[in-house]
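# Structure at a glance
Now for the letters of each chain:
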Amino acid sequence: MNMEIEPEKDEVSIVLLGRFNPTIFQPLWFGHNNLISIEAAQDAELSIIHPEISQFTASDIAFSVELGRFQVKCETIHKDRIKDLVIGSFGNFLIHTPIWTLGINRDIHFPCRDEPTRMRLGSCFAPLEPWGGWGLRIKKDMETEKRHGGMTRLVMKQEPRLDGNNGYTKVDLQPSSILKEENAVFIEVNDHFELSPPKETLGCKKVIETLNKSWDESIQQSGYIINEVMKLAKTV
Amino acid sequence: MDFDALQNSSDQISFDIDSDIQQLIELDQRDNLTLSEKQDEGSGSLVNLEKNVVRAPALTILKGRIISSHQDRFRAIRNWEGVVTAVCDDTFFASVKLVNDKNTLPKDELEIDKDNIDVGDRNLLKVGSVFYLTLGYRKRNGSQVVKETRLVFRRLPQWSGADIAQAEEDTDKLWIKLQSQKNGNTAEGQS
């Protein structure tokens, strides 16, 4: 999907909640199982390798594994690489890993034309008038002060899911904290699937099936939601 | 294979990319000037003759693309998804389509130098392999703009015995359903 405004940063991640052994998830394990190349595994940038947490970057994919959480992240333009990696890891090798929750998340930072535009965008989502006199003071500061307040975070949730799965879609909208000079906006879309109660989960077959079935649709939906915000950013 | 058409297609793509990159470089150069003058709280006019500097907005919008002052980052200009169609000694041929553009039909044919493939991915090069080809530019050291090509092969998961059995079962079910529909239509036509 073509975006209304070209993002500065556009990443997608897969998050799994279950029971994991972080010591397994090291670059060379992925390399030896042909999930990344051996060369990429050898060149991996290690952050932490510990019995309770494993974090590294290899082949432009960021890995983070804790006892209860597995996450891989890459640029959205190469999104299918992490899908292949998760399906390869848990569909071919670690098939008995109990996994009960799947998250397909997308993070975007996109620039606004200028600071007043970003403020107007924030005021569209969180109008100041209902805040009475306090809101009016914030509004006045926006117009006169270089350093001023305004909307700092808004979370919108859609539940139930349209596809019949348990779970929800949650969107987090904030000023970008990493691209301050660009007056950028940060949006995170969390597409959350609750696949089975943790105590009844035996393996990860359902996660693999859901990921296979819902992946493209989820990325398209996040693109659609983000584009709606971008459209507003262009016209506000 | 029509090599002339292939060559023309590649030339066209290269030309478009060069043109895009040139535009981006020009915009970023203007952007840099803005950055260097950021401390100056001037009038905001485009040209300040007294100080002999050029001013431009911190963000420049051109044809819907916004170029920012953020530095040392790869910016993709074109991204294709390709399938290898033939492998030669030093190059390979691939059928490619722009990612996110479902209207891009028919697909372009490209000849790509094998040197573009990471050493670790060369064992994946065979007919039918799927890859991403991304062209863009990276700005290094604050000002140096480097054109960059990224070629990344997908590592598709292996089909397990259970997957194949499931696919066969699904196919059988679909076949039975189609047959029963066909028989139903025939009976309806006869009555």
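Whatever comes next refers back to the structure up there.
Before going into details, it helps to say that this report is about the structure given with it. (Residues numbered from 1 in each chain as written. Chains lettered and ligands numbered in written order. Predicted model: local features only at pLDDT ≥ 70, side-chain atom pairs only at ≥ 80, totals over all residues. Heavy atoms only, no water.)

## Describing the packing of aromatic side chains
Residue and element names in this part refer to chain A.
- Evaluated as defined, the whole model comprises 17 aromatic pairs over all chains.
- With a centroid separation of 5.3 Å and an interplanar angle of 65 degrees, the aromatic rings of Phe-25 and Phe-70 are classed as edge-to-face. Taken together, the positions of Phe-25 in the loop between strand 1 (9-18) and helix 1 (27-32) and Phe-70 in strand 5 (residues 69-75) put the pair 45 residues apart, joining distant regions of the chain.
- The exposure class assigned to Phe-70 is buried, which follows from its relative accessible area of 0%.
- The interplanar angle of 55 degrees and the centroid separation of 6.1 Å between the aromatic rings of Phe-30 and Phe-56 together place this pair among those described as tilted. (Phe/Tyr/Trp six-rings, centres within 6.5 Å; stacked < 30°, edge-to-face > 60°. Helix = DSSP H or I, 4+ residues; strand = E, 2+ residues; numbered from the N terminus. Buried < 20%, exposed > 50% of the residue type's maximum accessible area, 1.4 Å probe, protein only.)

## A short note on the pairing of strand 5 (residues 74-87) of chain B
All names here are of chain B.
- Summarising the sheet, strand 5 and strand 6 (residues 91-98) pair through seven bridges and their orientation is antiparallel. The residue of strand 6 that forms the bridge with Val-83 is Ser-95.
- Between the end of strand 5 and the start of strand 6, which pair antiparallel, lie three residues. (Pairing = 2+ DSSP bridges.)

## Digging into the pairing of strand 3 (residues 53-58) of chain A
All names here are of chain A.
- The alternating pattern of strand 3 places Ser-54, Phe-56 and Ala-58 on a buried face, while none of Ile-53, Gln-55 and Thr-57, on the opposite face, is buried.
- Sheet topology note: the strand 2 (residues 45-50)/strand 3 ladder contains five bridges and is antiparallel. Of the residues in strand 3, the one forming a bridge with Leu-46 is Phe-56.
- From the end of strand 2 to the start of strand 3, which pair antiparallel, there are two residues.
- Hairpin remark: strand 3 followed by strand 4 (residues 61-66), antiparallel, with two residues in the connecting loop; positive phi at Ser-59, about 55 degrees.

## Brief notes about empty space enclosed by the protein
Residue and element names in this part refer to chain A.
- Within the structure shown, the criterion is met by two cavities of 30 Å³ or more.
- Reported here for the largest cavity is a volume of approximately 110 Å³.
- The wall of the largest cavity is formed by Arg-118, Met-119, Leu-121, Gly-122, Gly-150, Met-151, Leu-173, Gln-174, Pro-175 and Val-185.
- When residues of the lining of the largest cavity are traced back to their parent elements, those giving at least two are helix 4 (115-125) and strand 8 (166-175).
- Here the lining of the largest cavity gets four residues from one element, more than from any other, and that element is helix 4.
- Here the lining of the largest cavity is built from residues that sort into six nonpolar, three polar and one charged. (1 Å grid on protein atoms, 1.4 Å probe; cavity = no way out; pocket = protein on both sides within 12 Å on 5 of 7 lines; lining within 4 Å. Points joined across faces, edges and corners; volume = space filled by probe spheres on them. Nonpolar A, V, L, I, M, F, W, Y, C, P; charged D, E, K, R; others polar.)

## Regarding the nonpolar core
All names here are of chain A.
- Counting 36 residues, the largest nonpolar core has Leu-16, Phe-30, Phe-70 and Phe-90 as the members making the most contacts within it.
- If near-sequence neighbours (up to four positions away) are discounted, Phe-30 is found in contact with Phe-25, Leu-35, Ile-36, Phe-56, Phe-63, Phe-70, Leu-85 and Ser-89.
- If you look at the next biggest cluster of nonpolar residues, it comprises 18 residues, including Leu-154, Leu-173, Val-189 and Ile-226. (Core = buried A, V, L, I, M, F, W, Y, C linked by side-chain atoms within 4.5 Å. Contact = heavy atoms within 4.5 Å.)

## So, the pattern of salt bridges
- Under the criterion given, the structure shown has 18 salt bridges over all chains.
- Its salt-bridge partner being Arg-154 of chain B, residue Asp-80 of chain A comes within 3.4 Å of it at the nearest N-O pair. Placement of Asp-80 of chain A in helix 3 (residues 80-93) and of Arg-154 of chain B in the loop between strand 9 (144-153) and helix 2 (161-190) is noted, with the two residues assigned to different chains. Note on accessibility: Asp-80 of chain A and Arg-154 of chain B belong to one class, buried.
- Here Arg-154 of chain B and Asp-84 of chain A are joined by a salt bridge, their closest N and O atoms 2.7 Å apart. With Arg-154 of chain B in the loop between strand 9 and helix 2 and Asp-84 of chain A in helix 3, the pair connects residues from two separate chains. (Salt bridge = Lys/Arg side-chain N within 4 Å of Asp/Glu carboxyl O.)

## Topic: the sheet that holds strand 3 of chain A
Residues and elements named next belong to chain A.
- Read from one edge of the open sheet, nine strands run 2-3-4-5-1-6-9-8-7, paired in antiparallel fashion. This sheet does not close on itself; its edge strands, each paired only once, are strand 2 and strand 7 (154-158). Direction aside, the axes of adjacent strands within the sheet are offset by 15 degrees on average.
- With six bridges connecting them, strand 3 and strand 4 associate as antiparallel partners. Paired with Phe-56 across the two strands is Phe-63, which belongs to strand 4.
- Relative to strand 9 (residues 184-194), helix 4 is tilted by about 35 degrees, and along the sheet it contacts strand 7, strand 8 and strand 9. (Axes fitted to C-alpha atoms, helices over the stretch in contact; angles between N-to-C directions.)

## Description of the state of the cysteines
- What the rule picks out here adds up to zero disulfides over all chains.
- Considering cysteine sulfurs only, Cys-112 of chain A is the nearest to Cys-124 of chain A, which forms no disulfide, with 11 Å between them. (Disulfide = S-S within 2.5 Å.)

## Observations concerning helix 3 of chain A
Residue and element names in this part refer to chain A.
- The end-to-end C-alpha distance of helix 3, which contains 14 residues, comes to 19 Å, matching closely the 20 Å that a straight helix rising 1.5 Å per residue would cover.
- Counting buried positions over the 14 residues of helix 3 gives 11, a clear majority of the element.
- Listed in full, the buried residues belonging to helix 3 are Asp-80, Arg-81, Ile-82, Lys-83, Asp-84, Leu-85, Val-86, Ile-87, Gly-88, Ser-89 and Phe-90. (Expected span 1.5 Å × (residues − 1).)

## Digging into a nonpolar patch on the surface
- On the surface, Leu-174, Trp-175, Ile-176 and Leu-178 of chain B cluster together to form a nonpolar patch covering roughly 450 Å² of accessible area.
- With respect to the helices and strands, the residue Leu-174 of chain B is situated in helix 2. (Patch = residues over 30% accessible without salt bridge, like charges linked within 9 Å, V, L, I, M, F, W, Y side chains within 5 Å. Areas by Shrake-Rupley, 256 points an atom, 1.4 Å probe, with all protein chains shown as cover.)

## Describing the environment of Asn-34 of chain A
- Looking at where Asn-34 of chain A falls in the secondary structure, it is placed in the loop between helix 1 and helix 2 (38-42).
- You can call Asn-34 of chain A partly exposed: its relative accessible area is 37%.
- Sequence separation between Asn-34 of chain A and Gln-71 of chain A is 37 residues, and the spatial gap between their C-alpha atoms is 19 Å.
- The residues contacting Asn-34 of chain A, other than those within four sequence positions of it, are Asn-123, Leu-124 and Arg-155 of chain B.
- In this structure the side chain of Asn-34 of chain A is engaged in a polar contact, spanning 2.6 Å, whose partner is the side chain of Arg-155 of chain B. (Polar contact = N/O pair within 3.5 Å; in protein donor to acceptor, adjacent residues only side chain to side chain.)

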